[in-house]
Amino acid sequence: MQTPSRRQSLAVGAILLCCLSLFAPTLAAQSNGQGSAAGNGSVADNPCVGTITSPANGTTVVAVQGYSWVDGGQKREAKLVAIGPNGNVKWVHHTGEHGMVWGYDVDPMSNGNLFVTGTANGETVVYEFNPRTQEHVWKETLPIEDTHDVDLINNGTQLLVANLRNYNEEENRNDDSIFVYDLQKDEVVWRWYFRNHYDSDVGGNYTKDWTHVNDVDKIGPGEYLASPRNLDQAIVINRSTGNIDMQLGSYGEKDILDKQHNPDYLESEDGTPTLLVADSENNRIVEYEKEGDGWNRTWSLGKGDDLSWPRDADRLSNGNTLVGDSKHERVMEVTPKGKVVWEFYTPWLVYDVARLPDERAESPTIADQNATGSYAFKGATQKYDAESMKQCNAYLNSIDGWADGQKPANTTTSDETGVQDDDSGNSATSLPGFNVVVALASLLAAAALLVRENRD
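Within each chain, residues carry numbers counting from 1 in the order of the written sequence. Note on the predicted model: pLDDT of at least 70 is required for a residue's local features to be given, and 80 or more for side-chain atom pairs to be given and counted; whole-chain, interface and lining totals, by contrast, use all residues. Here the side-chain values reflect all heavy atoms present in the structure, with hydrogen atoms and water set aside.

Let us now look at the pairing of strand 21 (residues 261-267). Counting buried residues in strand 21 gives 5 out of 7 residues, a clear majority hidden from the surface. Pairing between two strands is assigned when DSSP locates at least 2 bridges connecting them. A helix here means a DSSP run of H or I that spans at least four residues, while a strand means a run of E at least two residues long, and both kinds are numbered starting from the N terminus. For strand 21 and strand 22 (residues 273-279), the ladder comprises 5 bridges, and the chain directions are antiparallel. Residue pairing in the sheet places His261 in a bridge with Ala278 of strand 22. Hairpin remark: strand 21 followed by strand 22, antiparallel, with 5 residues in the connecting loop; positive phi at Gly271, about 90 degrees. Residue burial is assigned from relative accessible area. The probe radius is 1.4 Å, only protein chains are included, and a residue is buried under 20% of its type maximum, exposed over 50%, and partly exposed in between.

Rendered as structure tokens:
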């Protein structure tokens, strides 16, 4: 019997090394629950994945309000959905099972937790949610209804509240306001009323839903950016003076803003104030920068039916924009010129989106990126038909808490990657010492050994 020579054995070993280097990333990803193998959180059996041309740079969390526009319109489950960089569902938190009827705002916290806003019957519920343990850290209930946004401010000691639908029948006045509630004192310590600055004949129905102020953010010391939707404008309120320091849009000027949601404040490299806004009824995302006493629209994203009632847009540190496309039931990461690079569906009725870790403080404006202009979307899957969304919703509802294979090893400390990711497309898809370069080198070495053996 002829035995293989030493060179042939080395060649075979080189080929085996090559095969291992090629297959090891897939095996590693599957063992971490991040690959395409079957499993609750995997991509292979996930009907909610849209376009993904490159992994996201973190976990994307979506707040689903809980209303379906199909089948004549129906109340549905409110929930939070966390999606990994490659479209794998990491966890689903069913807020409807924790006292909420409607799900609204979700904000990243510095400790890795999430601050969640929603409403129950006649009251507003806010709580700190630890995604690593899937538990509530603390909870506060406010006796106001249909609040869309509450933010933690001043080192977590106070709540900044956008208070809507607040008609006082006894006094025959509308009390829609922005107020600060002190958690330690258990009382409101500052309040700003819209009725002191606007006439009752502008906006919505004065006795039912006048301002529909749907968002408020602290953008500086004593400076609050608010979004009175029914007044078609975003305003910056000075806490000390009570004045409106900046105003974008005006009631009835629909070409500027039309019933907007969730404006974000940015500053260009030269310090120019800039607002990124989900211009909801105009079905577009817009960016305006301050120019003298007015504003200049530098960017518009979405044409035709690209978007359907978008209600959130966040600028990421890489210059792309994370968009919540509400009635199309999806969240997308889009380049400044409209290319969709990441897309995921989360029925029913997307309200707020966030990318973790929170990068907005370091995000560039469109002007900084030399990308001003008006752009349509390119590359979206557009699979938001009713049947596809029903399948996607059933899939998400089958997950309660961490999806199979997604739970981190350590769920007790805030420095664990419970809401962040190590599967960014690089580290989790390779093993130390094995990569494509090694594979090519192994093939060349094997070929050289075999050629030399044949010559000998």
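Attention shifts here to the nonpolar core. By size, the foremost hydrophobic cluster in this structure holds 26 residues, and its most contacted members are Cys48, Val62, Val89, Val331, Trp342, Phe344 and Leu396. Those elements that provide at least two residues to this core are strand 2 (59-64), strand 5 (79-83), strand 6 (89-93), strand 28 (340-345), strand 29 (350-356) and helix 2 (386-397). The contact criterion used is simple: two residues touch if any of their non-hydrogen atoms lie within 4.5 Å. Residue contacts for Cys48: discarding those within four places in its chain leaves Phe344, Tyr345, Lys383, Cys392, Tyr395 and Leu396. Take the buried Ala, Val, Leu, Ile, Met, Phe, Trp, Tyr and Cys residues and link them wherever side-chain atoms come within 4.5 Å; each set so joined is a nonpolar core.

What follows deals with the side chain of Asp215. Of note, Asp215 is situated in strand 17 (residues 213-220). In this structure, Asp215 is in contact with Asp149, Ala162, Leu225, Ala226, Ser227, Asn262 and Pro263, ignoring residues within four places of it in sequence.

This part is about the environment of Ser388. Turning to its location among the elements, Ser388 is positioned in helix 2. Taking C-alpha positions, Ser388 is 9.6 Å from Tyr345, a pair spaced 43 residues apart along the chain. Looking at Ser388, its side chain comes within polar contact range of the side chain of Asp385, at 2.8 Å. The term polar contact refers here to a pair of N or O atoms within 3.5 Å; inside protein, the definition further demands a hydrogen-donor-capable atom paired with an acceptor-capable atom, and it admits residues adjacent in sequence only when both atoms are side-chain atoms.

Turning to helix 2, a few remarks are in order. Residue count minus one, scaled by 1.5 Å, sets the expected span of a helix. Taking 1.5 Å per residue, 12 residues should reach 16 Å; helix 2 reaches 16 Å between its end C-alpha atoms and fits that length. Here helix 2 has its buried residues at Ser388, Met389, Cys392, Asn393, Tyr395 and Leu396. Buried residues along helix 2 cover an arc of 160 degrees about the axis, so they all sit on one side. Buried residues belonging to helix 2 abut strand 5, strand 6 and strand 28. It is the directions from the helix axis to the C-beta atoms whose arc is reported.

We now examine empty space enclosed by the protein. Think of a 1 Å grid over the protein atoms and nothing else: a 1.4 Å probe that fits but is trapped marks a cavity, an open set flanked by protein within 12 Å on at least five of seven lines marks a pocket, and residues with an atom within 4 Å of a point count as lining. Grid points are joined across faces, edges and corners, and a volume is the space filled by probe spheres set on the points. All chains considered together, the criterion is met by 2 cavities of 30 Å³ or more. In this model, the second largest cavity occupies a volume close to 40 Å³. If you go around the second largest cavity, the residues you meet are Ala63, Val64, Lys79, Leu80, Thr95, Met100, Gly103, Tyr104, Asp105, Val116 and Thr117. Secondary structure elements with two or more residues in the lining of the second largest cavity: strand 2, strand 5, strand 7 (102-108) and strand 8 (114-120). By residue number, the principal contributor to the lining of the second largest cavity is strand 7, which donates 3 residues. Amino acid classes used here: Ala, Val, Leu, Ile, Met, Phe, Trp, Tyr, Cys and Pro are nonpolar; Asp, Glu, Lys and Arg are charged; the rest, including Gly, are polar. The residue makeup of the lining of the second largest cavity, split by class, is 6 nonpolar, 3 polar and 2 charged.

Turning next to the environment of Gly156. For Gly156, the position within the fold is in the loop between strand 11 (150-153) and strand 12 (158-163). Residue class for Gly156 comes out partly exposed when judged on its relative accessible area of 33%. When the C-alpha positions of Gly156 and Asp182 are compared, they lie 9.5 Å apart, and in sequence the two are 26 residues distant.

Cis geometry is adopted by the peptide bond preceding Trp348, which originates at Pro347 and carries an omega value of 5 degrees. Geometrically, the link from Leu356 to Pro357 is a cis peptide bond, its omega value of 0 degrees lying close to zero. Phi is positive for Asn262, close to 50 degrees, though the residue is something other than glycine.

From the geometry alone we can't say anything about function, so treat these as descriptive.
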